Amino acid sequence: MTIYFAEIFKKLRLNQELTQEQMADILCISPQAVSRWECGTTTPDISLLPVIADYFDVTIEELLGTGKSQKEEQVRQYVDKFNTAIARGQINDCIEIARSGVKEFPNNYTLLNKLMYALFVSGSDDADIPDWKDNREKYKNEIIELGEKILSGCTDDTIRIEVKSRLGFHYCEIGETEKGRQILETLPSMIFSRELNIRYALKEEELLDHICHQIVLCTDELVWNIWRYMKNTSLPASEQLDLMDKMEQIVRIIYDEEDLKGWYYLLPKFWITGRAPLLLELGDCESALRIIEKSADYLEQYNQLPDLAERTTLLLKYTTYKKLFDTADSRSQARILYEDNLTDHCFDRIRQDERFEKAARRIYEIG
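Model, not experiment: these values are computed from the prediction.

**Describing the overall build of the protein chain**
In terms of helices and strands, the protein chain carries 19 helices and two strands. Rg of the C-alpha trace for the protein chain: 26 Å, well past the compact-globule value of 21 Å for 367 residues, more than 25% over. Each principal axis of the C-alpha atoms in the protein chain carries an extent, and together these give about 85 × 50 × 35 Å. For the protein chain, buried positions account for 40% of its 367 residues.

**Here's the deal with the pattern of salt bridges**
Scanning the model with the defined rule gives 19 salt bridges in all. The structure contains a network of salt bridges with shared partners spanning Glu-286, Arg-290, Glu-293 and Arg-355.

**Some details on a negative patch on the surface**
On the surface, Asp-54, Asp-57, Glu-61 and Glu-62 cluster together to form a negatively charged patch. Checked against the element boundaries, Glu-62 lands in helix α5 (residues 60-64).

**Re the nonpolar core**
Core analysis: the biggest nonpolar cluster contains 48 residues, and Tyr-255, Trp-263, Phe-270, Ile-292, Phe-347 and Phe-356 have the highest contact counts within it. Counting residues per element, the ones that place at least two in this core are α13 (204-231), α14 (237-254), α16 (267-281), α17 (285-303), α18 (333-341) and α19 (354-366). In contact with Tyr-255, not counting residues within four places along its chain, are Val-216, Thr-219, Asp-220, Leu-260, Trp-263, Arg-311, Thr-313 and Leu-316. In this structure, Ile-97, Leu-115, Ile-143 and Leu-146 belong to the second largest nonpolar core, which totals 34 residues.

**Details of the packing of aromatic side chains**
Applying the stated criterion to the full structure yields 15 aromatic pairs. Here Tyr-55 and Phe-56 contribute two aromatic rings whose centre-to-centre distance is 5.1 Å and whose plane-to-plane angle is 85°, an arrangement assigned as edge-to-face. A relative accessible area of 8% places Phe-56 in the buried class. On the basis of an interplanar angle of 20° and a centroid distance of 3.6 Å, the ring pair of Tyr-264 and Tyr-298 is categorised as stacked. With a gap of 34 residues between them, Tyr-264 in the loop between α15 (257-260) and α16 and Tyr-298 in helix α17 connect regions that are remote in the sequence.

**A short note on the side chain of Arg-335**
Of note, Arg-335 is situated in helix α18. Within the buried core, Arg-335 has no salt-bridge partner, and the shortest N-O distance to an opposite charge, that of Glu-339, equals 4.1 Å. At a separation of 3.2 Å, a polar atom in the side chain of Arg-335 contacts the main-chain carbonyl oxygen of Tyr-364. If we skip the residues at most four places from it in the chain, Arg-335 touches Tyr-364 and Gly-367.

**Overview of the layout of surface pockets**
In this structure, the second largest pocket spans a volume of roughly 1,200 Å³. Taken together, 33 residues make up the lining of the second largest pocket; nearest its centre are Lys-11, Lys-71, Asn-107, Asn-108 and Tyr-109. Among the elements of the structure, α1 (5-15), α5, α6 (68-87), α8 (109-122) and α9 (132-153) are those that each provide at least two residues to the lining of the second largest pocket. The residue inventory of the lining of the second largest pocket, partitioned by class, reads 11 nonpolar, 12 polar and 10 charged.

**Observations regarding the packing of α9 against helix α10 (residues 157-173)**
Relative orientation of the contacting elements α9 and α10 amounts to 145°, with a least axis distance of 10 Å. Here α9 runs over α10; the crossing is left-handed. Contacts between α9 and α10 pair Arg-136, Lys-140, Ile-143, Ile-144, Gly-147, Glu-148, Ile-150 and Leu-151 from the former with Ile-159, Arg-160, Val-163, Lys-164, Leu-167, His-170, Tyr-171 and Glu-173 from the latter. Each residue belonging to the contact of α9 with α10 can be placed in one class, and the counts come to eight nonpolar, two polar and six charged.

**Regarding the side chain of Asn-113**
Residue placement: Asn-113 occurs in helix α8. Among all residues touching Asn-113, those that are not within four sequence positions of it are Ile-150, Ile-159, Glu-162, Val-163 and Arg-166.

Conventions adopted
Residues numbered from 1 in each chain as written. Predicted model: local features only at pLDDT ≥ 70, side-chain atom pairs only at ≥ 80, totals over all residues. Heavy atoms only, no water. Helix = DSSP H or I, 4+ residues; strand = E, 2+ residues; numbered from the N terminus. Rg over C-alpha atoms; globule rule 2.2 N^0.38 Å. Buried < 20%, exposed > 50% of the residue type's maximum accessible area, 1.4 Å probe, protein only. Salt bridge = Lys/Arg side-chain N within 4 Å of Asp/Glu carboxyl O. Patch = residues over 30% accessible without salt bridge, like charges linked within 9 Å, V, L, I, M, F, W, Y side chains within 5 Å. Areas by Shrake-Rupley, 256 points an atom, 1.4 Å probe, with all protein chains shown as cover. Lys, Arg positive; Asp, Glu negative; His and termini not counted. Charge placed at Lys NZ, Arg CZ, Asp CG, Glu CD. Core = buried A, V, L, I, M, F, W, Y, C linked by side-chain atoms within 4.5 Å. Contact = heavy atoms within 4.5 Å. Phe/Tyr/Trp six-rings, centres within 6.5 Å; stacked < 30°, edge-to-face > 60°. Polar contact = N/O pair within 3.5 Å; in protein donor to acceptor, adjacent residues only side chain to side chain. 1 Å grid on protein atoms, 1.4 Å probe; cavity = no way out; pocket = protein on both sides within 12 Å on 5 of 7 lines; lining within 4 Å. Points joined across faces, edges and corners; volume = space filled by probe spheres on them. Nonpolar A, V, L, I, M, F, W, Y, C, P; charged D, E, K, R; others polar. Axes fitted to C-alpha atoms, helices over the stretch in contact; angles between N-to-C directions. Left-handed = near helix turned anticlockwise from the far one by under 90°.

Quick look at the structure:
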């Protein structure tokens, strides 16, 4: 009998929250026999296999681990197709790919997690999806059902933490804040995270690579937190502009000029959705025009960057720069900024200006 039986049988028993004694009663055998099966010292009589398989609602092949490698390969193919589609912003394709995978492997938590993620992203208000509101309403219950199914049976800590984070956030998004908070409070504290603690186990070169990556991640998170702070306060426009100055100063302190080009994707987003409207609110049309022109310059340069490049900044030289791609909208960042942001009424006072028209056209043509 396959060596996988002991591992699979124990996992199935634990998923059902059964003790060895309870399992023994169900199968009319001794608890010692169950213990020996799970230790791999003995295996059940062949006549018991259909009974065990029927009880756990699996096939005998699954119980024995027969075809395990083939199943893993099929799941991997679904995941590869999903990742390719998400990188292209084809969120509806992602949903269909994940649904097909779950239909074939209904208890595979990797595929269930992918489906939950795709449904969640399709209803995100910051993913630049035109019908996100409809998607959020359409999929809100299915996201909860998937999350609860995963958490009730999945033993993979990485998937469980990811699903808890997403499910808690989802509850908050649909107005059930108390439920969301209860889930989010079960997440591990940052101080006990892998990112902060893995350094103790790393060798010298691995450690330097890890530290550089942490500098990148912490810089990103600090900048985004300042942005979130700004968006969630009622500060006057002048003070919001001061906060945006601090965001850019942080980026320019960490990144040398050559590596700063990696930020040419996000800086125009901050400028067109934040800085330019604030400048117009203060009546500074000239500065607003300059920042829109600079956004066009940056987006054009970003579009010419290679997909992958080594960083040269002293603090970051052990990291590799990877060009960002839109993951929820098939439109490019430039096209999204043109269609969704530059059409905002706040730009009406400069919309007829030749400089605005020229910069806007450059941004559109990048996409």
